[in-house]
Amino acid sequence: MNAPSLIKGWCPGALRPMESGDGLLVRLRITGGSLSAQKAQIIANAALLHGNGLIDLSGRANLQLRGVGASQWPHLIADLSRHGLIDQDAEAEAVRNVMASPLAGLDPSALLDIRPVVKALEARLVSDSALHALPGKFGFLVDDGGRFGVFGQSADIGFEAIKSNDEILFAIRLGSSETVALIAPDQVADSAAALAKTFIKTSNKSDKSLKRIKDLIFLIGIKALLHEAGLIRLITLPPKLATLPPFGFHPLDQTGFVGIGAPFGRWSANNLTALADIAAKDGMGELRLTPWRAILVPGLDAKAAQSLIEKAGPEFITQASDPRLAISACPGMPACRNASVRTHEDALAFAALPSLSRPSGIRLHVSGCEKGCANPTATTAVLVGKNGLYDLVVNGKASDPPRLFGLDKVAAEAALKDLFKGVSR
Ligand code: SF4
């Protein structure tokens, strides 16, 4: 295999990685977020052998190997291919952008086991080359209706399991629309394809750039869009409130699972290997990846769960109230060339601020520059790196006009303290 083809602005994958400040970033899309302990060990070993040993769990439950050298990349792909972790081509991996309820098949509160639905959807996306024209960030979601669902996560086309008159159906939600279409579980792949083709066809005809489903809804309206895709059974269904991230121990049937996170989703290969070892020894030999940057270890009894939490120690997040969950940070220096600040390091120091250590609804984002790529939404406070210092944006995005300029770490901490004092939930 030759050196990777890099396209600027492309959503990275494994076959089309992204160049970053610390080398190539290689993103792996794990079907349904379900990863055997053995494959987790293979990925961790590959990250050590071919990269810098750091693995990020992304907000879409993907794994990203960092610091891969261009000359190492073909060897990494060959290693991962041998274990079925690589798609047939870059187009197939790019379109396979599906997030699913992480406890699929294990959560007794779920309405159905969505694993076959997710597989069928992915197979359709990969095999139907007409769908490969979808924009890179166009994403799908499948929710099983259980306690640990992914409803509320951002997606262009969401399939949410619901019960209607004793029948299990899927409500198709486009973006955050309240008008949804109802279909049977075996119609998910066809409906996804019909909607995606409507998006592509209208996009090709339009003189406007359509990147996400909300652009198309804005253009032709939700009902016209659903009808165009042959979906006629429509109801109004407000979105459910987002689930609390499942950190710590949660009992299920006979056993339960532990949700554990590394700050900002950054795992070392050694820690991922250690977690996979515990999953193999004490659990059911599987890890589940989540969009909340928690990795779930299912099949643990209460004693094994307690032992894992104790072994993890304070370096890891095992409670939903952990103040580090109120903070997001982009990779910053040295991982990104655009950054002049050490975002992760600084963000961890800000986690000690009293307003973040209690449930206040306050959120902080630490961005290496004004692009704000790790947090595109408005946030209570955004520290934006510039020339080694920070500007402070209040209730906005990294690209918005700052309220304060040129703060060093001490001044930034004081400004945050001051700001948070006046912010109530
Ligand atoms: S926000 Fe800027 S510094 Fe941070 S990852 Fe994006 S481009 Fe890099």
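So, how was this worked out
The residue numbering used here restarts from 1 in each chain and proceeds along that chain's sequence as written. Reporting in this predicted model follows two pLDDT cut-offs: at least 70 for local features of residues, and 80 or more for side-chain atom pairs to be given and counted; totals over whole chains, interfaces and linings ignore these cut-offs and use all residues. Excluded from the side-chain calculations are hydrogens and water; all other atoms, namely the structure's heavy atoms, are used. An automatic or database domain assignment is the source of the domain bounds shown. We define a salt bridge as a side-chain nitrogen of Lys or Arg found within 4 Å of a carboxyl oxygen belonging to Asp or Glu. Secondary structure elements follow DSSP: runs of H or I of four or more residues count as helices, runs of E of two or more count as strands, with numbering from the N terminus. Throughout, exposure labels follow a simple rule: accessible area from a 1.4 Å probe, protein chains only, divided by the maximum for the residue type, with under 20% read as buried, over 50% as exposed, and the rest as partly exposed. Angular values range over 0 to 180 degrees, each being the angle between N-to-C directions of two axes fitted as lines to C-alpha atoms, with helices fitted over their stretch in contact. Roughly parallel means an angle under 35 degrees; roughly antiparallel means over 145; roughly perpendicular covers 65 to 115; every other angle is labelled oblique. Two helices cross in a left-handed way if the nearer one is turned anticlockwise from the farther one by less than a right angle. They cross in a right-handed way if the turn is clockwise. Note on contacts: a residue pair qualifies if any of its non-hydrogen atoms lie within 4.5 Å across the two residues. Ten residues, namely Ala, Val, Leu, Ile, Met, Phe, Trp, Tyr, Cys and Pro, are considered nonpolar, four, namely Asp, Glu, Lys and Arg, are considered charged, and the remaining ones, Gly among them, are considered polar. Here a helix's expected span is defined as the number of its residues, less one, multiplied by 1.5 Å. Two rings from Phe, Tyr or Trp (for Trp, the six-membered ring) form a pair when their centres are within 6.5 Å of each other. A pair whose planes differ by under 30 degrees is stacked, one over 60 is edge-to-face, and the rest are tilted. By convention a nonpolar core is built from buried Ala, Val, Leu, Ile, Met, Phe, Trp, Tyr and Cys residues, the set being connected through side-chain atoms within 4.5 Å. If DSSP finds at least two bridges between two strands, the strands pair.

## Let's talk about the domain arrangement of the protein chain
Then, in step 1: The domains assigned to the protein chain are domain 1 (1-92 + 249-315), domain 2 (111-144 + 154-236) and domain 3 (323-421).
Then, in step 2: For domain 2 versus domain 3, the separation of C-alpha centres amounts to 35 Å.

## So, the pattern of salt bridges
Then, in step 1: Inspection of the entire model under this criterion finds 20 salt bridges.
Then, in step 2: For R212, the salt bridge goes to D156, with nearest N and O atoms at 2.9 Å. Remark: D156 occurs in the loop between strand 7 (140-143) and strand 8 (157-164) and R212 occurs in the loop between helix 5 (188-205) and helix 6 (213-220); sequence separation between them is 56 residues.
Then, in step 3: Judged by relative accessible area, which is 23%, R212 ranks as partly exposed.
Then, in step 4: Residue D418 is joined to K421 by a salt bridge in which the shortest nitrogen-to-oxygen separation is 3.6 Å. Of this pair, D418 and K421 are both found in helix 11 (residues 409-421), 3 residues apart, which corresponds to roughly one turn of the helix.
Then, in step 5: Note on D418: relative accessible area 53%, which makes it exposed.
Then, in step 6: Among the charged side chains, a salt-bridge network with shared partners connects D22, D56, R66 and R266.

## A look at the packing of helix 10 (residues 343-350) against helix 11
Then, in step 1: Put simply, helix 10 and helix 11 touch, their axes get as near as 11 Å, and they point 45° apart. In terms of orientation, helix 10 lies oblique with respect to helix 11. The element helix 10 and its partner helix 11 pack so that their crossing is right-handed. Listed contacts from helix 11 to D346, A349 and F350 of helix 10 are K409, A412, E413 and L416.
Then, in step 2: Looking at side-chain class alone, the contact of helix 10 with helix 11 contains 4 nonpolar, no polar and 3 charged residues.

## Considering helix 5
Given 3.6 residues to a turn, an α-helix orients residues that are three or four positions apart in the same direction.
Then, in step 1: In a regular helix each residue adds 1.5 Å, so 18 residues correspond to 26 Å; helix 5 covers 26 Å between its end C-alpha atoms and thus fits that length.
Then, in step 2: Within helix 5 the residues assigned to the buried category are V188, A189, S191, A192, A193, L195, A196, T198, F199, I200, T202 and S203.

## As for the packing of aromatic side chains
Then, in step 1: Here the structure, examined in full by the defined rule, presents 4 aromatic pairs.
Then, in step 2: An aromatic cluster of at least three residues, connected via ring pairs, comprises F138, F140 and F199.

## Some points on the nonpolar core
Then, in step 1: In terms of nonpolar packing, the biggest core is built from 47 residues, with I43, L65 and L287 touching the most fellow members.
Then, in step 2: Counting residues per element, this core draws most heavily on helix 1 (residues 37-50), which supplies 7 residues.
Then, in step 3: The residues contacting L287, other than those within four sequence positions of it, are G33, S34, L35, A40, L272, L275, A276, A279, I295, L296, V297 and P298.
Then, in step 4: Within the second largest apolar cluster, 39 residues are counted, among which are L125, F170, A229 and L231.

## Thoughts on the pairing of strand 2 (residues 23-28)
Then, in step 1: Of all the 6 residues making up strand 2, 5 are buried; the element is thus mostly covered by neighbouring parts of the structure.
Then, in step 2: Pairing of strand 1 (residues 18-20) with strand 2 involves 3 bridges; the strand directions are antiparallel. Across the sheet, the residue bridging to M18 is L25, located in strand 2.
Then, in step 3: The turn linking strand 1 back onto strand 2 is made up of 2 residues.
Then, in step 4: With 4 bridges joining them, strand 2 and strand 5 (residues 63-68) adopt antiparallel strand pairing. The partner of L28 across the bridge, within strand 5, is L63.

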